[in-house]
Amino acid sequence: MRERRGLGAFGAVYRAFGVQGGGPVALKLALHFLDERYAREGELLSRIRHPSVPRLVDQGSWRQLGDFPHPYLVMEWVEGVSLYEWARVQCPTSRQVLHALASLAGALAATHAAGCVHRDVKGDNVLVRTEDGQVFLTDFGSGHFVGAATLTSPPFPPGTPPYRSPEAWRSMRLPLPPSATAYAPGPADDVFALGMTAYRLVTGDYPPTPAPMDAESRIWSPEGPGPQPLRAVNVRCCAELSELVSRMLSILPEARGSARELAQALEHAARKAGPQADVPLFDKKETQPEDTEAVLRDVVPRAPERLKQSWLVAACLGGAVALGARWLLSAHPTEEAEPRQVSASDDAKDGGSVAVGDSALTAPVPLVREPFAWSIIAVEPPPRAPLPGQARPDAKGRCPGRGHVPINGGCWEKLNRDEKDCDEDYNYYVYKGECYAPAMPKPRPSTSGPAESTENKAP
């Protein structure tokens, strides 16, 4: 059984079932050929063992007949809502928030102990399970680990602007020198992002960000005061929570403490805090929508009927991925696809997104129609950078294939078809009134005999 639950620039997420029974799993399928991010995310998840990190079940690649392989990941399914949606509906107390942050800090501690960094900690990448309130740190697609290949262009690696640390912003120099390298986030950056997550969770807004374009960014200078404490913005916040979030948002990275230290401090505060910690942080009438039940129905989809197909084949065949033009327009061969920055009042977004979040599982995308697999509607120019696996021009700007033309750093094949017919197949774009398809190198003949067991082919 397959049921699409999320769609982003680099992948689609499905709720699927295994052929031999068992509970549902989350299937994350790459939209681009040979996307290297998936192998790295799978390796990262395989290193982490923590109750607040979804477990990796399987990984491999799937190819449609005559197509290039598309990587996939299979993960533990988490039925729930995003952290900010949970706060809006449940109106938690400081003690409940302390417990949640302690679990997330523990997940980060396990991530850092495995030599990894998450690099995109934020509320929309945290799920709160409906069944028991357990929190999960999700979407490791922007993560990195020691020894992993660098896929990033300067100045920044993946991440969401409001959550970037002061030291990350201070590292940026414009114009970028030719030898510039991307800033390398460390554990302290993840801790800072968790602090920003907590700040928005408790106050409903971000503090002034460290971004130089923010007029109030001076508060993040080495001599600056930092943001206002939580209690100065929300008087219902207990002193313990306010102090620990201020610690996470310390201007100096070394003053924040490790994720492990913070997890212990947060859990201790949750146990020892006084009666103030049991006061709801928000007025329920102000934060909760009139029809909470309707909101939860929209956010937490109902479980579908179980069918007997394999989870991968059922997820992929018969219109497996309903693609839109937007994901191709934002595609980039590097990791970085810098999102637009939005205000905290934009409930639908979390300051932008860099990948298909596993948190997208809680935000089902309605399908207008089920197109043929990999079909899209393409009415805009090709991406500003090549798609993963696409042929590229040489140093003199020439494409290797006969008749191929260089556009936006990639090689494209001009098709003999009208502009209005440019949406009938996959990966087609209209450019200056002509229809183009990405030029892909011919697959090398296999020298290893039968296909690997992790690669599944459609019957």
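See the structure printed just above.
Here is what the cut-offs are and how they apply
Residues numbered from 1 in each chain as written. Predicted model: local features only at pLDDT ≥ 70, side-chain atom pairs only at ≥ 80, totals over all residues. Heavy atoms only, no water. Phe/Tyr/Trp six-rings, centres within 6.5 Å; stacked < 30°, edge-to-face > 60°. Helix = DSSP H or I, 4+ residues; strand = E, 2+ residues; numbered from the N terminus. Buried < 20%, exposed > 50% of the residue type's maximum accessible area, 1.4 Å probe, protein only. Axes fitted to C-alpha atoms, helices over the stretch in contact; angles between N-to-C directions. Parallel < 35°, antiparallel > 145°, perpendicular 65-115°, else oblique. Left-handed = near helix turned anticlockwise from the far one by under 90°. Contact = heavy atoms within 4.5 Å. Nonpolar A, V, L, I, M, F, W, Y, C, P; charged D, E, K, R; others polar. Pairing = 2+ DSSP bridges.

Draft legend 1. A look at the packing of aromatic side chains. In this structure the tally under the stated criterion is two aromatic pairs. Note on Y163 and Y206: the rings are 5.4 Å apart at their centroids and 90° apart in plane angle, and the pair reads as edge-to-face. Here the residue Y163 occupies a position in the loop between β10 (144-145) and α4 (166-170), and Y206 occupies one in the loop between α5 (187-203) and α6 (230-233), the gap between them amounting to 43 residues. Like Y206, Y163 is buried.

Draft legend 2. Molecular detail of the packing of helix α3 (residues 94-113) against α5. Packing of α3 against α5 leaves a shortest axis separation of 11 Å and a crossing angle of 160°. By the angle between their axes, α3 is roughly antiparallel relative to α5. Viewed along their axes, α3 and α5 form a crossing whose handedness is right-handed. From α3, V97, L101, L104, A105, L108 and H112 reach across to α5, where they touch P187, D190, L194, A198, L201 and V202. A class-by-class count of the residues in the contact of α3 with α5 yields 10 nonpolar, one polar and one charged.

Draft legend 3. Region of interest: the pairing of strand β14 (residues 434-438). Here β14 lies mainly inside the structure; four of its five residues are buried. Pairing of strand β12 (residues 410-415) with β14, which is carried by four bridges, proceeds in the antiparallel orientation. From the neighbouring strand, W412 faces β14, where its bridge partner is P438. Relative to β14, strand β13 (residues 429-431) is paired through three bridges, and the arrangement is antiparallel. Residue pairing in the sheet places Y429 in a bridge with Y436 of β14.

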